[in-house]
Structure formats: structure tokens, C-alpha cells
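What follows is each chain in one-letter form.
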Amino acid sequence: MSKSKSELPSVQSIFARLWRDWLSAYRGRFAIVLILMIVIAVCSAGYAQFIQWVIEAFETSDSSVIYWGPLGVLALTLTKGFSTYGLQNLQNWVLNHVQADMQVKMFSRLVDMDLSSLTSESPAALATRFSSDILLTKGAVNAVLASLTSALTIIAAIIYMLSVDALMTLGLLLVFALAFGPVGVIGARIRKLSSRIQAQIAKMTESVNEGLSAIRMVRTYRLEERMRHSAASVFEKLRVLRVKMVKWQAAASPLMEIMGGAAVAVLLVLVSFRLQAGQIDLAAFVGLLTALGVMTSPARRIGSSYAIALQGSAALDRIFALYDTQNIINDGEFAYPGGQKAKGELRFENVSFAYPDGYQALEGINLEIPAGSTFAFVGRSGAGKSTIFNLLPRLYDVVDGAIFLDGRDLRHFSLAALRDQISVVSQESVLLNGSVMENIRFGRSDASDEEVKLAAEQAAASTFIEKLLDGYDTHIDPAKHEFSGGERQRLSIARAILRDAPILLLDEPTSALDAESEAAIREALKELEKGRTTLVIAHRLSTILDSDQIVVLDQGKISDIGTHYELLKREGIYAELFNLQFQQPPRRKRRRGRPSDVLDVSQTRLERVLKYFGAS
């Protein structure tokens, strides 16, 4: 989602896109903003003309100036003050709406983004788009609008000055023009530093999130000092970049201040000659000096606003890069008519897959899974089990080969139609913000309350739900650990039961549970598996012994396939894994200082398993 230095778009094109895609929706309000800007500019430049009139009145001993002079100043001040108030409020209203619009689209884009793109950055780094980058964008637009007000004020002042003395005005403008070169250099440095600062802020957010999420492990292993050192390094890099940024930002405003001072010096020199030559009077001189003073402050604001706008352009570039990230998983067209469901027959035909970083996860997978059967996938870590589960709902697409559902290539399905055929129960039971009822209903949004409760009963979840303070209406806060692992898993199973999809993916559904919870969950899963094509990933081999087929994966390839007994007889990888889990010699354990013969738990389990299958 990042661009190389050579691909960075111009600042003008970035803000042009911001106007086209976001700000132009509020063009009516911006028209009012522009009118208010013009009023403010005219009032500001009007001071110079008004002062000239006052001086001329004094020179001609016009006593009426005592009345209209103060009233005129008051009228200018009130008009400018109310216009500024209206401008700031209207501008703030528009920008807050634009900010919310951009955040909504940004989150929607992230939700729809391919996993390969989404996982290229950490969640903490992506979160900075919603906070730091959006705030910089808002600040940049404010700065651009402030610059426009300042520019209009300068234009109004120049128009007045040209009416007084065109030659002298052109000389003064030439002095200001000398600042454009240095300001351009400053701007380039600011934009480059801003991009680096935003990237470092993302790293900082990621570092803080990592430290807090792993705080238990950090304290257990006494890693506090290491985490402090790591975080301090990130903070220090950010500090250095920000100091450099302030240095370059600080240079812009004084530069314009110096140019303003130089312009005043030039004005004094020129005026002295022209006064002596009788080409200008005192009132005109005071008017020019006042107009120059009116110009200086807006010119200084343009310098500082320019720096802020460049920071915003860097932030916008990061935001637009996210918007422009193209999905490589294209939606198909096929959908089952009239609420029909798939039979559940799956076929892998020479399937290979490599992750974006080049890691080859699967190679030449050929496999047929009949509808309604249960296939288990085992293998060492990194063998490719989870990758197969990722390919079925098209979280990723195969690189070579094809996967077929009921004889149709998965890529021909619409994503919605395909994913409606799949239920997932994983080792990490995800609960979202909402009630218990809503969390179960995520399985099927149109389900009635009665259907939700029935699914909870079948998942053995209704007992603990009904004991909650508000029952099914109890609110779930995902950040709090309000439910045990077994309870969360039962809610996940209830969600899958309610979905009633023909294909069921079980990804280590009992790996994080205690023995009692595992037994209850296994019973619920048996109910769920009935009549469905079930694919299981399990490290606990005791949970897959009755699978129709066990697929053994090794380094992305199918090493073996068969029933539990067939695989044991072949003495391959499966037998090795089985022996590691079950065939450990009895160990003597000492309790309270007294010896006693206690069989290892895994040995007892082995005897129970062998007895179940009638083996000696």
C-alpha cells in the first residue's frame, strides 16, 4: 500500500483529488465560505483605503472625520469579525463531515480488501490512517482555506496599492517574490519528513500495542526492560524527525517576516525619493504603509500554512494509496437459485499456492472429498493445513490448479454465494460488540429469536446464557473476558449451527479447552457435523480417529491419506505424530513426598483409544 519515491504524485494533484472525491459534495457551503473570505479580504484591505481617507481629512481640516472615522473603523471591524466567525463554523462543519465520510470509506475498504493486502501492515499501523492521517488531512484543508483567505487579502491590498502607485507596488512585489525559491526548498523537505513521521507513528502505535497485548508474557519472563528499550528507540526516532520538522516549519514564517521587513525598507527608500519629487503625498504614503502591514501578516500565515498543507498531502497520499489498493480476488457470477445449497462435494485439482512474500505453502494438491464425509488434516506446523482452509472461502486464490465445489470452480461463484455454503469453528472464538443474541445471529441474519435459541440449545450454550443477568440480551464487550473459553466456543458453534451451511471447517476447535469443556464441545460438534462435509484441522489426534479419511500434509504436499488404522500400519508421519502424543512410557510421580505409581495421562488415553478400536 506504499509508493516509491518516484511515484509520489504532486501536491496539486493530491488536493485536486481531495476536492473531486470528497469536498465537492459540499460545494454549496464552500460557495458561502468563499463569499465570506472575500468579505474578510475586502475588510482587511479596506483599512488601508480608510486610513488614507482619514489622513486626507486631517490634512484638509475636515472636522467631520471625528464622526465618520470611528464609525467606519467599527463597521469594518464588526463586518470582519462576524464574517470570520461564520467562516470558521461553516468550515469546521464541512471538514468534520468530510472526515467522517473518509473514515467510513476507509473502514469499508479495509473490510473488503484482500487478505494479502490487508496483512501487509499490522492492524495498529492501519489504525493510524483513521487517527493521525485523517487529522493531518483535516488540518491541511484548514491550512489551505486559511491560505486562500490570506491570498485574497493580499490581492485586495495589492489592488489598492496599484491604484495608489503602480510602479512602487511592483517593486515591493518583486521583493516578496524572492522568497518563493527558499519556500519551495523548505516545502520539499517538509513533505519528505512528514511521510517519514507518519510511518514512524505507525511503528510507534504498533510497538505500544504489541507491548500491552503481550503484557502477561512480558512480566512473566521479566522482559519489561527490553520492551522499554525497544519502545524508547521508536520514540527517539520519532522525536528526531519531529525536531527536524519543526526546524523546517519554523523557517517558513520568519522568511516571510524578513521579506515583509525588506519590503517596508524598500518602501521607505522609494517613498522618500517620490515625496521629494512631489509624486506622492503623505496620505498616500500612510495608505501604502498600512496596506503593506495588512499584507505582511497574511503572507506569514501562508508560509506556515504551506508547511501544514504539505504534511497533509503526505497523509493524503497514504490514505489514497489504501483506497487505490486493487483486489486480486475477483467476484464470480454463479449463485444457487431460490435458496438452494451446495451438496458439499469438494475436489482439489493440482492445487498450488504461494503467499505474497514468496513462501510456497501448497504444491500439487490432488484430493477428492465426497459430500457429507469428514476429512481430517494433520501435519507438522507449516505443512499447509490452514492454507487449505483459507482457500476454500477464497480468502486467497490458488496460484495454480483449481478447487471445485459440486464440479464448479470456486472462482466462478460469487463470493457471497460461496461463503454462504461454509461455516467455520476455530480455536479462537470471535465475539463482536453486541448482545449474545446478535452474536449468534451473525450466522444467519434473518433467523428468528426462536431459531437462535434452538441453535444455542443444540450447542449446549443455552444453560449458561439463561443464567446471565439479561439472558440473550446480555451485551458482550469483546475487550473484556466475560466468558470462559468453553462458553465462547459454544457460542461459536451455535452460530455455525444456525448458519446451517453444507460445508463445515473445524480449525482446532477444542485445542484451548480443558478436558471437561472439550468433552461438552465434542458432543456439540458431533451434532453439528451430521449431514455436512466436514474438514478438520487437529493437533490432538484423539479428536479425529473416527474421520472418514485423514490427510497427512508435509511441506505443502500430501504425504499420505487413509483411515487411522491404515496410516498407523504404514508407519509414516502420522504414526510418528501419534506415537509422540500417546506412546510415552509410564512415569513415576511423587506426591507430597510419597512414591506412588501414577500412569501418564497420555498412556491412559492410548489404552482407552486402543480399547475403543478393539486393539491390544
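Residues numbered from 1 in each chain as written. Predicted model: local features only at pLDDT ≥ 70, side-chain atom pairs only at ≥ 80, totals over all residues. Heavy atoms only, no water.

Chemist: Outline the overall build of the chain, listing residues and values.
Modeler: Secondary structure summary: the chain contains 20 helices and 14 strands in total. By residue count, 45% of the 616 residues in the chain fall in the buried class. Relative to all contacts within the chain whose residues are 6 or more apart in sequence, the contacts with residues 24 or more apart total 76%. On the chain, roughly 32,100 Å² of surface is accessible, and the fraction owed to carbon and sulfur atoms is 57%. (Helix = DSSP H or I, 4+ residues; strand = E, 2+ residues; numbered from the N terminus. Buried < 20%, exposed > 50% of the residue type's maximum accessible area, 1.4 Å probe, protein only. Contact = heavy atoms within 4.5 Å. Areas by Shrake-Rupley, 256 points an atom, 1.4 Å probe, with all protein chains shown as cover.)

Chemist: If you had to explain the pairing of strand E12 (residues 557-562) to someone new, which residues and values would you point to?
Modeler: Here five bridges tie strand E11 (residues 549-554) to E12, and the two strands are oriented antiparallel to one another. Bridging across to E12, aspartate 554 finds its partner in lysine 557. Where E11 folds back on E12, the antiparallel hairpin that results is connected by two residues, among which glutamine 555 adopts a positive phi of roughly 55°. (Pairing = 2+ DSSP bridges.)

Chemist: Help me get a handle on the sheet that holds strand E9 (residues 503-507), residues and values and all.
Modeler: The strands making up a sheet associate through hydrogen bonds between their backbones, and the pairing can be parallel or antiparallel. Across the sheet, which stays open at both edges, the six strands sit in the order E6-E9-E10-E3-E11-E12 with mixed pairing between neighbours. Sheet topology places strand E6 (422-426) and E12 at the edges, where each strand pairs with a single neighbour. Across this sheet, the average inter-strand angle for adjacent strands is 20°, counted without regard to direction. For strand E3 (residues 374-379) and E11, the ladder comprises five bridges, and the chain directions are parallel. The residue of E11 that forms the bridge with glycine 379 is leucine 553. (Axes fitted to C-alpha atoms, helices over the stretch in contact; angles between N-to-C directions.)

Chemist: Let's hear about the nonpolar core: which residues, and what values?
Modeler: By size, the foremost hydrophobic cluster in this structure holds 45 residues, and its most contacted members are Ile440, Ile465, Ile493 and Tyr574. Beyond its immediate chain neighbours, meaning those up to four positions away, tyrosine 574 contacts Val378, Leu541, Leu545, Ile550, Val552, His564, Leu567 and Leu568. In terms of nonpolar packing, the next biggest core, distinct from the first, is built from 42 residues, Val98, Met106, Met113 and Met245 among them. (Core = buried A, V, L, I, M, F, W, Y, C linked by side-chain atoms within 4.5 Å.)

Chemist: Give me the lowdown on the environment of arginine 318, citing residues and values where you can.
Modeler: Among the structural elements, arginine 318 can be located in helix H10 (residues 282-323). According to the relative accessible area criterion, arginine 318 is buried, its value standing at 16%. With near-sequence residues (within four places) excluded, arginine 318 lies in contact with Thr128, Arg129, Asp133, Gln198, Ala199 and Ala202.

Chemist: A description of the sheet that holds strand E2 (residues 360-369) should follow, citing residues and the corresponding values.
Modeler: In space, the four strands of this open sheet follow the order E2-E1-E4-E5, with antiparallel pairing throughout. Where the open sheet ends on each side, the last strands, each with one partner, are E2 and strand E5 (408-409). As judged from the five bridges shared by strand E1 (residues 346-354) and strand E4 (residues 400-405), these two strands associate in the antiparallel manner. Paired with serine 352 across the bridge in E4 is aspartate 400.

Chemist: Summarise helix H2 (residues 27-59); cite the residues concerned and give the values.
Modeler: Side chains three or four residues apart in an α-helix point the same way, a direct result of the helix having 3.6 residues per turn. Taking 1.5 Å per residue, 33 residues should reach 48 Å; H2 reaches 48 Å between its end C-alpha atoms and fits that length. Bending of H2 peaks at approximately 30° at the position of glycine 46. Backbone geometry just after H2 places serine 61 at a positive phi near 60°. (Expected span 1.5 Å × (residues − 1). Bend = angle between axes of the 7 residues up to and from the residue.)

Chemist: Describe a positive patch on the surface, and please don't skip the residues or the numbers.
Modeler: Taken together, the side chains of Arg189, Lys192, Arg196, Lys244 and Lys247 make up a positively charged region of the molecular surface. In terms of residues, the positive patch owes the most to one element, helix H7 (residues 180-213), which gives three residues. Looking at the element boundaries, lysine 244 is found in helix H9 (residues 224-276). Residue lysine 244 is classed as partly exposed on the basis of its relative accessible area of 34%. (Patch = residues over 30% accessible without salt bridge, like charges linked within 9 Å, V, L, I, M, F, W, Y side chains within 5 Å. Salt bridge = Lys/Arg side-chain N within 4 Å of Asp/Glu carboxyl O. Lys, Arg positive; Asp, Glu negative; His and termini not counted. Charge placed at Lys NZ, Arg CZ, Asp CG, Glu CD.)

Chemist: Describe in detail unusual backbone geometry, supporting the description with residues and values.
Modeler: Leaving glycine out, the prevailing phi sign among residues is negative, and the prevailing peptide bond configuration is trans. Even without a glycine there, the phi angle at alanine 460 is positive, about 60°. Among the secondary structure elements, alanine 460 is positioned in the loop between helix H14 (449-458) and helix H15 (462-466). For glutamine 555, which is not glycine, the phi dihedral falls at a positive 55°. If you trace the backbone, glutamine 555 turns up in the loop between E11 and E12. The class for glutamine 555 is exposed, based on a relative accessible area of 67%.

Chemist: Describe the packing of H14 against helix H16 (residues 485-499), and please don't skip the residues or the numbers.
Modeler: At a minimum axis separation of 8 Å, H14 and H16 run at an interaxial angle of 125°. With respect to H16, the axis of H14 lies oblique. Once H14 is placed against H16, the crossing between them reads as right-handed. Mapping the contact onto sequence places Glu451, Val452, Ala455, Ala456 and Gln458 in H14 and Ala494, Ile497 and Leu498 in H16. Residues belonging to the contact of H14 with H16 are distributed by class as follows: six nonpolar, one polar and one charged. (Parallel < 35°, antiparallel > 145°, perpendicular 65-115°, else oblique. Left-handed = near helix turned anticlockwise from the far one by under 90°. Nonpolar A, V, L, I, M, F, W, Y, C, P; charged D, E, K, R; others polar.)

Chemist: Before we move on, can you summarise the pairing of E2 with the specific residues and values?
Modeler: In the sheet, E1 pairs with E2 via six bridges, with the strands oriented antiparallel. Bridge pairing links valine 351 to isoleucine 365 in E2. Hairpin geometry of E1 and E2 is characterised by an intervening segment of five residues between the two adjacent antiparallel strands and by a positive phi of about 95° at glycine 358.

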